[in-house]
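Structural description and commentary
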Number of protein chains: 2
Amino acid sequence: MARAGVTVERLTLAAAELADELGFENVTVSTVARRFGVRDASLYSHIKSARDLRVRVALLAMAELADRVADALAGRAGKDALVAFANAYRDYALRHPGRYAAAQLDLDDETVAGSAAGRHSAMTRALLRGYQLPEPAQTDAIRLLHSTFHGYVTLEAGGRFRLTPREVDASWAATVAALDALLRNWPSA
Amino acid sequence: MARAGVTVERLTLAAAELADELGFENVTVSTVARRFGVRDASLYSHIKSARDLRVRVALLAMAELADRVADALAGRAGKDALVAFANAYRDYALRHPGRYAAAQLDLDDETVAGSAAGRHSAMTRALLRGYQLPEPAQTDAIRLLHSTFHGYVTLEAGGRFRLTPREVDASWAATVAALDALLRNWPSA
DNA sequence: TCAGTTGCCTAGGGGTATTAGGCTACTCCC
DNA sequence: GGGAGTAGCCTAATACCCCTAGGCAACTGA
């Protein structure tokens, strides 16, 4: 019998692809095993559990997203940087819905610490340097930006904006422009 | 044998409670049946499927949330109303994490149409009346507010803000204040 | 009272998660 | 080249969840 050549990396990648195709909630040990043409039980020499597999997909997604954002941010500043950041974020989420959903998995503190989450907020902090916000406003602004981006793409992907006819792309552009205006005039008290 | 007195309403309520206690993903036909002391198969004369049950919890949560927001909004206007809206929203999400997660369930358009989602955006529209935004800025603002609120509570509940020491309550207040400032100075172009 | 309806049960088929234990295909070292 | 050892994959078996079919008993109303 030829071996299937399963490795943790290939498993994680396959799981990520499955997530984008079928939704993250349908990423199961069985479906991944099936894609490799092996039995489910065979995967347990590579992964610890179904959750382990899902966490790996989450970490992969977070790293990929951080990479895209870093690329988009390179050489830009001010509103230019904000727009690039926002669009890279949204693009990733819409193009890889399953991966993005994975990135929202509830991870324990230790795992979060070892993830790309730190890079993400460091980049946001760098982005905000152009707006000259003092602490703690800076932290608040990071949280606001992250919340708005995350909330927007989640609601958009969930079809929650389909009730109103207004184009979601146009709303997105207006939203990012509004955030830029807000950052330039952050209320002091 | 005495009957357990199962009804769709009691099932939905029990499922909602289980969601808040164990997380929405652990709301299962079996756990709910167990709580009633009956066999899982017995529930299928009341609900159509596990998904049906979850959708009912989602609709319940959306209606409850709309109620809380409506109460908070009564008799208020301007920033006062915005703050009340925001706090009611966040309170509900944090106090009822399972229900709130349920409300995020991906529903088909027909179900969404029959839900409290319409009430929700109508209230937001009413809230914005105090800020006098013309269309399409008003729609964009609704989407921005919803995105930010939803994103914030989701990330907060998911522990994504624990990396930074800044108090989440303080950040929340600052965020809402910032949104108020933004609505009062919405960028025209 | 008794016919009909409704509520709950048992049986059973199908799927996923996971452990235990076995066989086999590579690897590398003498 | 020939074992010895490791790693990859398999079958078997348990447990839990989803759901259908069919049965009996408990209510309901004429």
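Residues numbered from 1 in each chain as written. Chains lettered and ligands numbered in written order. Predicted model: local features only at pLDDT ≥ 70, side-chain atom pairs only at ≥ 80, totals over all residues. Heavy atoms only, no water.

All names here are of chain B. At a minimum axis distance of 10 Å, the contact between helix α4 (residues 78-95) and helix α8 (residues 137-157) shows a crossing angle of 35 degrees. Crossing hand, α4 versus α8: right-handed. Every residue of α8 that contacts α4 at L82, F85, A86, Y89, R90, A93 and L94 is listed here: L145, H146, F149, H150, Y152, V153 and E156. Classifying every residue of the contact of α4 with α8 gives 10 nonpolar, 2 polar and 2 charged. (Axes fitted to C-alpha atoms, helices over the stretch in contact; angles between N-to-C directions. Helix = DSSP H or I, 4+ residues; strand = E, 2+ residues; numbered from the N terminus. Left-handed = near helix turned anticlockwise from the far one by under 90°. Contact = heavy atoms within 4.5 Å. Nonpolar A, V, L, I, M, F, W, Y, C, P; charged D, E, K, R; others polar.)

Bringing unusual backbone geometry into the picture now. Residue and element names in this part refer to chain A. Here the amide bond leading from E135 into P136 is cis, since omega sits at 0 degrees, within 30 degrees of zero. If you trace the backbone, P136 turns up in the loop between α7 (117-128) and α8 (137-157). In the Ramachandran plot, Q132 falls in the positive-phi region, its phi being about 55 degrees despite a non-glycine side chain. Tracing the chain through its elements places Q132 in the loop between α7 and α8.

Annotation from UniProt places "DNA-binding region" (unreviewed entry) at residues 28-47 of chain A. When the span residues 28-47 of chain A is considered, its composition is 40% helix and 0% strand, and the gap between its end C-alpha atoms is 12 Å. (UniProt positions renumbered as here; feature names shortened; annotations may be inferred.)

Running from N to C, α8 of chain A and helix α9 (residues 168-184) of chain B cross one another at 70 degrees; their axes reach a closest spacing of 9 Å. Taken as axis vectors, α8 of chain A and α9 of chain B run roughly perpendicular relative to one another. Residues D140, R143 and L144 of chain A of α8 of chain A lie in contact with α9 of chain B, whose contacting residues are V168, S171, A174, T175 and L179 of chain B. (Parallel < 35°, antiparallel > 145°, perpendicular 65-115°, else oblique.)

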